[in-house]
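# Structure at a glance
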Amino acid sequence: MNPLISVRNLKKHFDVGEGMLKAVDGISFDIHEGETFGLVGESGCGKSTAGRTMIRLYEPTEGELLFNGQNVYELSSREMKEVRKNFQMIFQDPYACLNPRMTVEDIVAEPLDIHKICHSKKERRKRVMELLELVGLGKEHAMRFPHEFSGGQRQRVGIARALALNPKFIVCDEPISALDVSIQAQVVNLLKDLQAKLGLTYLFIAHDLSMVRYISDRVAVMYLGHIMELADSEELYNTPLHPYTKALLSAIPIPNPKEQRNRHRIMLEGDVPSPINPPQGCRFVDRCMYATDICRQKTPRLEEVKTGHHVACHLVKEINKEVL
Ligand code: SF4
């Protein structure tokens, strides 16, 4: 199957005066049509910047993004306007990204107005009602303002707007982390239903590893601008091979108290180092209990160590003797 999106050596650096902040520093992966690709990691690992750069909300420092085989970073602004209809984003904080002075109808219709999609008010209203219905809202919500809604409903409005132009690819940037736990599953289920109905492809960015497992087909784990591990979701959660992934997964509580008592929790030492001056060699070297000289000298490449399972670690075979 051909990928819908191919990211090749993508970098996004920011000049912050005291140096270059290497938020994303050479990541590569494919996302297939209809797939949900999870991107996880602690805050500051570069996952949100990667998502924004992929849909060109930020211009990349280096690299390629192929969409249907076309490098979108080489497109003129006119060509990009057409391609952009296929890319949308759902944000973490639905309240912050909805204009409080606009009605829900105008918020959802904004992309239609910008791209001059509808030829009459009647057509515009019909499309907005269709979109509201798709996300589980009704006609009665159209003339209300964002502050009249709960967090979950506001996220539904944000999703309706993201769907207005029939996009193919949606970057979901921590779409549930600002919501109550009781509402999170509803929004995730809505995203899954919409994917099945409309054939959408998602990049799902999150720090909550348990929710990513539930929604994603494949998951990539990021640390300090690099991808450390990438595998099918179940494979990654059942057989993590990178020391960083193992530590992240060992911190997720298990509902069974007996299993929880018996498990070995891997403690990560220190904080994520600054991306302005990241460690030489492996980015994880200062927090890794297995680190040796080679880890400081050479950056490990992301390599396929089992079918579909990629790991960036010099010592992956030694650390995982029982499974590799
Ligand atoms: Fe640890 Fe070295 Fe592997 Fe990096 S390359 S994760 S420092 S063992």
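Summary of the structure given here. (Residues numbered from 1 in each chain as written. Predicted model: local features only at pLDDT ≥ 70, side-chain atom pairs only at ≥ 80, totals over all residues. Heavy atoms only, no water.)

## A short note on the overall build of the protein
When helices and strands are counted, the protein shows twelve helices and twelve strands. Relative to the 2.2 N^0.38 estimate, which gives 20 Å for 324 residues, the radius of gyration of the protein is 21 Å and therefore close to what a compact globule would have. Referenced to the eigenvectors of the C-alpha coordinate spread, the extents of the protein come out at roughly 65 × 50 × 40 Å. Sequence separation of at least 24 residues holds for 63% of the intrachain contacts in the protein that already meet a minimum separation of 6. Element-wise, carbon and sulfur atoms account for 48% of the exposed surface of the protein, whose accessible area totals about 16,000 Å². When the 42 positive and 42 negative side-chain charges of the protein are each reduced to one mean point, those points stand 3 Å apart. (Helix = DSSP H or I, 4+ residues; strand = E, 2+ residues; numbered from the N terminus. Rg over C-alpha atoms; globule rule 2.2 N^0.38 Å. Contact = heavy atoms within 4.5 Å. Areas by Shrake-Rupley, 256 points an atom, 1.4 Å probe, with all protein chains shown as cover. Lys, Arg positive; Asp, Glu negative; His and termini not counted. Charge placed at Lys NZ, Arg CZ, Asp CG, Glu CD.)

## What to know about the sheet that holds strand E5 (residues 70–71)
Within the open sheet, the four strands sit side by side as E2-E1-E4-E5. Their pairing is antiparallel. Across the chains shown, the open sheet's two edge strands, defined by having one partner strand only, are strand E2 (20–32) and E5. In this structure, strand E4 (residues 62–67) lies alongside E5, joined through two bridges in antiparallel fashion. Directly across from Phe67, in E5, lies its bridge partner Gln70. Running at roughly 115° to strand E1 (residues 3–15), helix H1 (residues 47–54) makes contact with E1, E2 and E4 of the sheet. (Pairing = 2+ DSSP bridges. Axes fitted to C-alpha atoms, helices over the stretch in contact; angles between N-to-C directions.)

## As for the site of the ligand
Neighbouring residues of the ligand: His242, Pro243, Cys282, Phe284, Val285, Cys288, Tyr290, Ala291, Cys295, Cys313, His314 and Leu315. Grouping the amino acids of the shell around the ligand by side-chain chemistry returns ten nonpolar, two polar and no charged. (Near = heavy atom within 4 Å. Nonpolar A, V, L, I, M, F, W, Y, C, P; charged D, E, K, R; others polar.)

## Details of the pattern of salt bridges
Scanning the model with the defined rule gives 20 salt bridges in all. The partner of Lys11 in a salt bridge is Glu62, with the nearest N and O atoms 3.9 Å apart. Separated by 51 residues along the polypeptide, Lys11 in strand E1 and Glu62 in strand E4 bring together distant segments of the chain. A salt bridge links Arg125 to Glu105; the shortest N-O distance between them is 2.8 Å. Here Glu105 lies in helix H3 (residues 104–114) and Arg125 lies in helix H4 (residues 121–134), a separation of 20 residues in the sequence. Connected through shared salt-bridge partners, Glu105, Asp106, Asp113, Arg124 and Arg125 make up one network. (Salt bridge = Lys/Arg side-chain N within 4 Å of Asp/Glu carboxyl O.)

## Description of the packing of H3 against helix H5 (residues 151–163)
Contact geometry of H3 with H5 gives a least axis separation of 7 Å together with a crossing angle of 30°. What the angle tells us is that H3 and H5 run roughly parallel. The crossing of H3 and H5 is right-handed. Packed against H3, whose contacting residues are Val104, Ile107, Val108, Glu110 and Pro111, the element H5 presents Val157, Ala160 and Arg161 at the interface. Of the residues in the contact of H3 with H5, the class split is six nonpolar, no polar and two charged. (Parallel < 35°, antiparallel > 145°, perpendicular 65-115°, else oblique. Left-handed = near helix turned anticlockwise from the far one by under 90°.)

## Brief notes about the side chain of Ser233
Position of Ser233 relative to the elements: it lies in helix H8 (residues 233–238). Residue classification places Ser233 among the buried residues on the basis of a relative accessible area of 4%. From its side chain, Ser233 meets the backbone oxygen of Arg213 in a polar contact 3.2 Å long. Aside from chain neighbours lying at most four places away, what touches Ser233 is Val212, Arg213, Ser216, Asp217, Arg218 and Val219. (Buried < 20%, exposed > 50% of the residue type's maximum accessible area, 1.4 Å probe, protein only. Polar contact = N/O pair within 3.5 Å; in protein donor to acceptor, adjacent residues only side chain to side chain.)

## Describing the packing of aromatic side chains
This structure, assessed with the given rule, holds seven aromatic pairs. Look at Phe14 and Tyr58: their rings are 5.6 Å apart centre to centre, the planes differ by 90°, and that puts the pair in the edge-to-face class. Remark: Tyr58 occurs in the loop between H1 and E4 and Phe14 occurs in strand E1; sequence separation between them is 44 residues. Classification of Phe14 as partly exposed rests on a relative accessible area of 27%. Given the relative accessible area of 29%, Tyr58 is considered partly exposed. (Phe/Tyr/Trp six-rings, centres within 6.5 Å; stacked < 30°, edge-to-face > 60°.)

## Some thoughts on the side chain of Thr49
As for its placement among the helices and strands, Thr49 is situated in helix H1. Accessibility expressed as a relative area gives 14% for Thr49, which makes it buried.

## As for H5
If you check H5, its first and last C-alpha atoms are 19 Å apart, about what 13 residues at 1.5 Å a residue would give, namely 18 Å. Of all 13 residues making up H5, eleven are buried, and the element is well covered by its neighbours. Every buried residue belonging to H5 is among Gly152, Arg154, Gln155, Arg156, Val157, Gly158, Ile159, Ala160, Arg161, Ala162 and Leu163, and all of these are buried. Packing partners of the buried residues in H5 comprise strand E6 (87–90), H3, H4, strand E7 (169–173) and helix H6 (181–198). (Expected span 1.5 Å × (residues − 1).)

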